[in-house]
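Structure assessment
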Amino acid sequence: MPEPQLRPGTVAIDIAWCGICGSDLHEYLEGPIFIPPHGHPHPVSGESAPVVMGHEFSGTVTALGDGVDDLTVGESVVVEPYLIAEDVDTTPGQPYQLSHDMNFIGLGGGGGGLSEKVVVPRRWVHPVEDIPLDQAALVEPLAVGHHAFVRSGAGAGDVALIGGAGPIGLLLGALLTAEGLTVVMTEVSAARKAKAVETGAAAHVLDPTEGDVAARVRELTGGRGADVGFECSSVDAVLDTLLDAVRPGGVVVNVSIWGHQPVVDLQKLVLKEIDLRGTIAYAGDHPATIELVRSGQVDLAPFITAHIDLADLVEQGFETLVHRNDTQVKILVRP
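What comes next is a walk through the structure. What you see is a predicted model; the values in this text were computed from it and never measured. (Residues numbered from 1 in each chain as written. Predicted model: local features only at pLDDT ≥ 70, side-chain atom pairs only at ≥ 80, totals over all residues. Heavy atoms only, no water.)

Where nonpolar side chains cluster on the molecular surface, the patch consists of Tyr28, Leu29 and Val314 and spans about 270 Å² of accessible area. Position of Tyr28 relative to the elements: it lies in helix α1 (residues 22–30). For Tyr28, a relative accessible area of 34% translates into the label partly exposed. (Patch = residues over 30% accessible without salt bridge, like charges linked within 9 Å, V, L, I, M, F, W, Y side chains within 5 Å. Areas by Shrake-Rupley, 256 points an atom, 1.4 Å probe, with all protein chains shown as cover. Salt bridge = Lys/Arg side-chain N within 4 Å of Asp/Glu carboxyl O. Helix = DSSP H or I, 4+ residues; strand = E, 2+ residues; numbered from the N terminus. Buried < 20%, exposed > 50% of the residue type's maximum accessible area, 1.4 Å probe, protein only.)

Structure (structure tokens):
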């Protein structure tokens with residue numbers, strides 16, 4: 001591939017680490033989903049499959065385009081990996097994640113974290129100061145959790161039930177714990193249950209194969225139920241459990257990207273007046289997310305379970321997460 005060229009208003013970055021996301025696995029197994037099919041270019045990037053994947057990445061600034069004067073060469077950064085039309089307002093408080101042609105660098109084109117170099121518009125580049133670059137690659141999925149937390153309306157003192165202890169569920173649990181919530185997590189994988197306990201991402205970890213999760217949640221909350229539930233597994237039974245386990249008038253936030261159309265018992269939602277909310281990515285969440293990490297409120301190091309080279313991406317990366325996902329949480333790739 002040709003090396004990406006610096007343009008006015010952009011930043012050139014040498015990529016240090018790129019995480020493998022559940023969305024990448026969905027593209028690998030079931031796609032294209034976000035990736036524009038061959039011959040149908042994305043209106044912002046102008047690209048279609050094949051594209052370079054990878055949207056959870058960190059790196060070092062190597063050059064600044066004309067007009068960029070608030071970053072320095074050599075600075076450690078992460079990228080908010082959006083492809084959004086130039087005329088969309090991306091100032092704080094604006095819901096730019098909902099703009100019409102929104103897509104992501106590493107999915108809709110625009111380069112990707114599974115490459116050596118990338119050139120991106122300045123507005124998507126966030127300095128991370130002294131956060132180690134491998135940990136910084138987890139800022140993007142942590143920002144997904146931060147946005148889901150904001151969307152939920154929950155706050156300190158609330159009880160949250162997270163369905164699924166994959167990377168997003170675990171990082172969300174760590175963030176909610178840092179924000180003062182009591183976190184209950186449901187998961188079947190022994191390794192992921194252990195990781196939830198080891199990292200302190202959850203105060204209680206429940207296995208649905210060992211008992212009624214909703215009943216146990218009510219027991220833990222004095223019969224009330226969880227204040228908020230977060231669906232992080234894209235498994236029908238998990239969403240159903242969340243509807244059972246939240247209190248009447250509670251909130252369920254769907255964080256997952258679904259590769260199939262789920263079957264949901266909406267009668268539960270109706271009879272309990274549950275508020276079911278969607279959430280996609282992030283909007284202005286990166287600064288607060290980076291500060292949670294930089295200040296030590298969230299420790300990302302324990303969630304990294306492997307560092308691999310790009311040559312090993314398929315066998316040690318994708319295939320491991322598809323067929324042996326109980327052995328890994330977050331695999332980072334060195335391109």
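Now that the structure has been shown, the text picks up again.
Bringing the pattern of salt bridges into the picture now. Enumeration over the complete set of coordinates arrives at 14 salt bridges. It is possible to trace a salt-bridge network through shared partners that takes in Arg224, Asp227 and Arg247.

If you add up the space inside the largest pocket, you get close to 1,200 Å³. Looking at the largest pocket, it is lined by 50 residues, and the ones nearest its centre are Gly22, His26, Cys232, Ser233 and Ser234. Taken together, the elements giving at least two residues each to the lining of the largest pocket come down to α1, α3 (139–152), α4 (167–178), α7 (236–245) and α10 (313–323). A per-element tally of the lining of the largest pocket places α1 first, with six residues. Partitioning the lining of the largest pocket into residue classes produces 26 nonpolar, 18 polar and six charged. (1 Å grid on protein atoms, 1.4 Å probe; cavity = no way out; pocket = protein on both sides within 12 Å on 5 of 7 lines; lining within 4 Å. Points joined across faces, edges and corners; volume = space filled by probe spheres on them. Nonpolar A, V, L, I, M, F, W, Y, C, P; charged D, E, K, R; others polar.)

The next subject is helix α6 (residues 213–220). Each turn of an α-helix holds 3.6 residues, which means side chains three or four residues apart point in the same direction. Taken together, the buried positions of α6 are occupied by Val213, Ala214 and Val217. Here the buried residues of α6 occupy an arc of 95 degrees about the axis, which is enough to place them on one side. Measuring from the side-chain oxygen of the N-cap residue of α6 to the backbone nitrogen of Ala214 gives 3.0 Å; that N-cap residue is Asp212. Positive phi shows up at Gly222, right after α6, with a value of about 65 degrees. (Arc of directions from axis to C-beta. Polar contact = N/O pair within 3.5 Å; in protein donor to acceptor, adjacent residues only side chain to side chain.)

Here strand β1 (residues 10–19) lies mainly inside the structure; nine of its 10 residues are buried. Bridge count for β1 against strand β2 (residues 56–64) is eight bridges, and the pairing is antiparallel. Each residue of the ladder has a partner; that of Ile15, found in β2, is Gly59. (Pairing = 2+ DSSP bridges.)

Attention now goes to the pairing of strand β13 (residues 275–278). Alignment of strand β12 (residues 246–254) against β13, held across four bridges, turns out to be parallel. Paired with Asn254 across the strands is Gly278, a residue of β13. Since β12 and β13 lie parallel, the crossover through helix α8 (residues 266–271) that links them has a hand, and here it is right-handed. (Right-handed = clockwise from strand over helix to strand, strands pointing away.)

Take the sheet that holds strand β9 (residues 182–186) next. What the six strands build is an open sheet, ordered β10-β9-β8-β11-β12-β13; its pairing is parallel. The sheet is open, and its two edges are formed by β10 (204–206) and β13, each paired on a single side. Here the average twist between neighbouring strands, direction ignored, is 20 degrees. Pairing analysis gives three bridges linking β9 to β10, with the strands arranged parallel. Bridge pairing in β10 links Met185 to Val205. Running at roughly 160 degrees to β10, α6 makes contact with β8 (159–163), β9, β10 and β11 (226–231) of the sheet. (Axes fitted to C-alpha atoms, helices over the stretch in contact; angles between N-to-C directions. Contact = heavy atoms within 4.5 Å.)

Turning our eyes to something else, we now look at the side chain of Ser152. In this structure, Ser152 sits in helix α3. Separated by 2.6 Å, the side chain of Ser152 and the backbone oxygen of Phe149 make a polar contact. Leaving out residues up to four positions away in the same chain, Ser152 has contacts with Val228, Phe230, Val251, Val253 and Arg277.

Time to look at unusual backbone geometry. With an omega dihedral of 5 degrees, the bond running from Gly31 to Pro32 counts as a cis peptide bond. Secondary-structure assignment places Pro32 in the loop between α1 and β2. Between Ala49 and Pro50 the backbone carries a cis peptide bond, its omega angle lying at 5 degrees. Even without a glycine there, the phi angle at Glu129 is positive, about 55 degrees. Structurally, Glu129 is set in the loop between β7 (125–127) and α2 (133–136).

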